[in-house]
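Results of the structural survey
Spelled out, the chains give:
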Amino acid sequence: MVSQLAITNESFQNIADEVARSLSHATVDGSSAFVSTAVTYANGTHVVVRLDQDGDSFFVSDDGYASLSADMFGGSYQFQRIARDVAKRFGVDYDQRSFFILKATKSQLPAAVTIIANASAASVERTLYALDHLKIKKTKELFVERISKAFGDKASFNVDFRGSTKAWQVDAAIIEQSHVVAIFEFVMPAATSVAFAHMKVGDISAMVERPRTAFVLSDYDRTDPPLRQILSSSADLVIAASSDLEIYRRAA
């Protein structure tokens, strides 16, 4: 017989209170208090919000931590533009260093801390997203450059090509004597990009007479091995965008 543990409302309240305390705690240092919130940055660390008392009101800020984080991963330029937009969206102020609310009453503190924490976390996340897109843009330019150097005037980009069931637009095609002899598809690390590329090239590879096919990964190391394995099942070769010209030529 399995015994059941009865949890009373009172004991459940204690459990809930314990969970709440574990998610957020505060420390006081001189005239400032630092509240560690349940909100997290992209790396999983908790957002800490600073409180400074000024008479009957409180100055609430992220103490410049989001700005510092962006600077550490080389995104200070992107962050400054993004931070202004985020501050406007959350209805807070930004002074080129910190997100802040100048005057909050005691009763407003819970909401003020939550808003500042979320603004700080959102700004870092959006900066990382912008940096990823910038990196992908540069890698796509490298892809075009390598294809062009490896194959010269045989290379064409954004080519319509019919697979076994439908027509697709492929990122690059190598054309000899009016025949497509090889196809290169540029793929980002995201699972959605992998899935679409796999479906597209898989349909082309299912043709009876088909061109050589290759996936070119924008970031080989950041593409999970299982995703690379999925791609390799539908193409002849999976390479990094930064690969040598000879590797590109071998793919064709």
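Residues numbered from 1 in each chain as written. Predicted model: local features only at pLDDT ≥ 70, side-chain atom pairs only at ≥ 80, totals over all residues. Heavy atoms only, no water.

Quick notes on the sheet that holds strand E6 (residues 99-104)
Stated precisely, the cut-off is as follows: In this scheme, strands are said to pair when DSSP sees at least two bridges between them. Under the scheme used here, helices are H or I runs from DSSP no shorter than 4 residues and strands are E runs no shorter than 2 residues, and both carry numbers assigned from the N terminus.
The sheet built from six strands is open, its strands ordered E1-E2-E3-E4-E6-E5 with antiparallel pairing. Bordering the open sheet on either side are strand E1 (25-29) and strand E5 (93-94), each of which pairs with just one other strand. Sheet topology places strand E3 (residues 46-54) next to strand E4 (residues 57-61); five bridges connect them, and they run antiparallel. Within E4, the residue paired with Arg-50 across the bridge is Ser-61.

Details of the sheet that holds strand E7 (residues 155-162)
As a reminder, the rule being used: All axes here are fitted lines through C-alpha atoms, helices being fitted over the stretch that makes contact, and every angle between N-to-C directions spans 0 to 180 degrees. Whether two residues are in contact is decided by their heavy atoms, any of which lying within 4.5 Å being enough.
Spatially, five strands are ordered E7-E8-E9-E10-E11 in an open sheet, and the strand pairing comes out mixed. Two strands bound the open sheet, and with one partner strand each, they are E7 and strand E11 (237-240). If you compare each strand with its neighbour and ignore which way they point, the axes differ by 40° on average. Looking at chain direction, strand E10 (residues 212-217) and E11 are connected through four bridges and run parallel. In the strand pairing of E11, Ala-214 is matched with Leu-237. Against the sheet, helix H4 (residues 109-151) touches E7, strand E8 (167-176), strand E9 (179-187) and E10, its axis set at about 160° to E9.

Some remarks on the pattern of salt bridges
What counts, and what does not: Salt bridges, as used here, are contacts in which a Lys or Arg side-chain nitrogen is within 4 Å of a carboxyl oxygen on Asp or Glu. Three labels apply to residues, based on accessible area from a 1.4 Å probe with only protein chains included: buried if under 20% of the type maximum, exposed if over 50%, partly exposed otherwise in between.
Under the counting rule described, the total for this entry stands at 11 salt bridges. With its nearest N and O atoms 3.8 Å apart, the salt bridge here joins Lys-103 to Asp-54. Of this pair, Lys-103 sits in strand E6 while Asp-54 sits in strand E3, placing them 49 residues apart in sequence. Where Asp-219 meets Lys-135, a salt bridge forms, and the shortest distance between an N and an O atom there is 2.8 Å. Of this pair, Asp-219 sits in the loop between E10 and helix H6 (225-232) while Lys-135 sits in helix H4, and the two are 84 residues apart along the sequence. Accessibility expressed as a relative area gives 14% for Asp-219, which makes it buried. Through salt bridges with shared partners, a single ionic network connects Arg-50, Asp-52, Asp-63 and Arg-97.

Side note on the packing of aromatic side chains
What counts here: Any Phe, Tyr or Trp ring, taking Trp's six-membered ring, that has another such ring centre within 6.5 Å forms a pair; planes under 30 degrees apart are called stacked, those over 60 apart edge-to-face, and the others tilted. Cation placement over rings: the criterion is NZ of Lys or CZ of Arg within 6 Å of the ring centroid and within 35° of the ring normal.
All told, the structure shown has nine aromatic pairs when counted by the stated rule. Aromatic side chains Phe-79 and Phe-99 sit 6.4 Å apart centroid to centroid with 80° between the ring planes, which places their arrangement in the edge-to-face category. In this pair, Phe-79 sits in helix H3 (residues 76-90) while Phe-99 sits in strand E6, placing the two residues 20 residues apart along the sequence. Side by side, Phe-79 and Phe-99 carry an identical accessibility label, which is buried. Through pairs of rings, three or more aromatic residues link up here, namely Phe-79, Tyr-94 and Phe-99. Sitting above the plane of the Trp-168 ring, Lys-166 keeps its charged end 4.5 Å from the centroid.

Re the nonpolar core
What counts, and what does not: For the purposes of this section, nonpolar cores are sets of buried Ala, Val, Leu, Ile, Met, Phe, Trp, Tyr and Cys residues that join through side-chain atoms within 4.5 Å.
If you look at the biggest cluster of nonpolar residues, it comprises 29 residues, and the most contacted ones within it are Val-49, Leu-51, Val-60 and Phe-99. Elements represented by at least two residues in this core include exactly strand E2 (32-40), E3, E4, helix H2 (65-72), H3, E6 and H4. The element best represented in this core is H4, accounting for eight residues. Apart from residues lying up to four places away in sequence, Val-60 is in contact with Val-49, Arg-50, Leu-51, Phe-99, Phe-100, Ile-101, Ala-104, Leu-109, Ala-112, Val-113 and Ile-116.

Observations concerning the packing of H3 against H4
Under the convention used in this document: Any angle from 65 to 115 degrees is called roughly perpendicular, while one under 35 is roughly parallel, one over 145 is roughly antiparallel, and all others are oblique. In this scheme the crossing of two helices becomes right-handed for a clockwise turn of the near helix relative to the far one and left-handed for an anticlockwise turn of less than a right angle. Ten residues, namely Ala, Val, Leu, Ile, Met, Phe, Trp, Tyr, Cys and Pro, are considered nonpolar, four, namely Asp, Glu, Lys and Arg, are considered charged, and the remaining ones, Gly among them, are considered polar.
Two elements in contact, H3 and H4, have axes separated by 9 Å at closest approach and are oriented at 140°. As far as their axial angle goes, H4 and H3 are oblique. Handedness of the H3/H4 crossing: right-handed. Along its contact with H3, which presents Gln-78, Phe-79, Ile-82, Asp-85, Val-86 and Phe-90, the element H4 presents Ile-115, Asn-118, Ala-119, Ala-122, Ser-123, Arg-126, Thr-127, Ala-130, Leu-131 and Leu-134. Counted by class, the contact of H3 with H4 contains 10 nonpolar, four polar and two charged residues.

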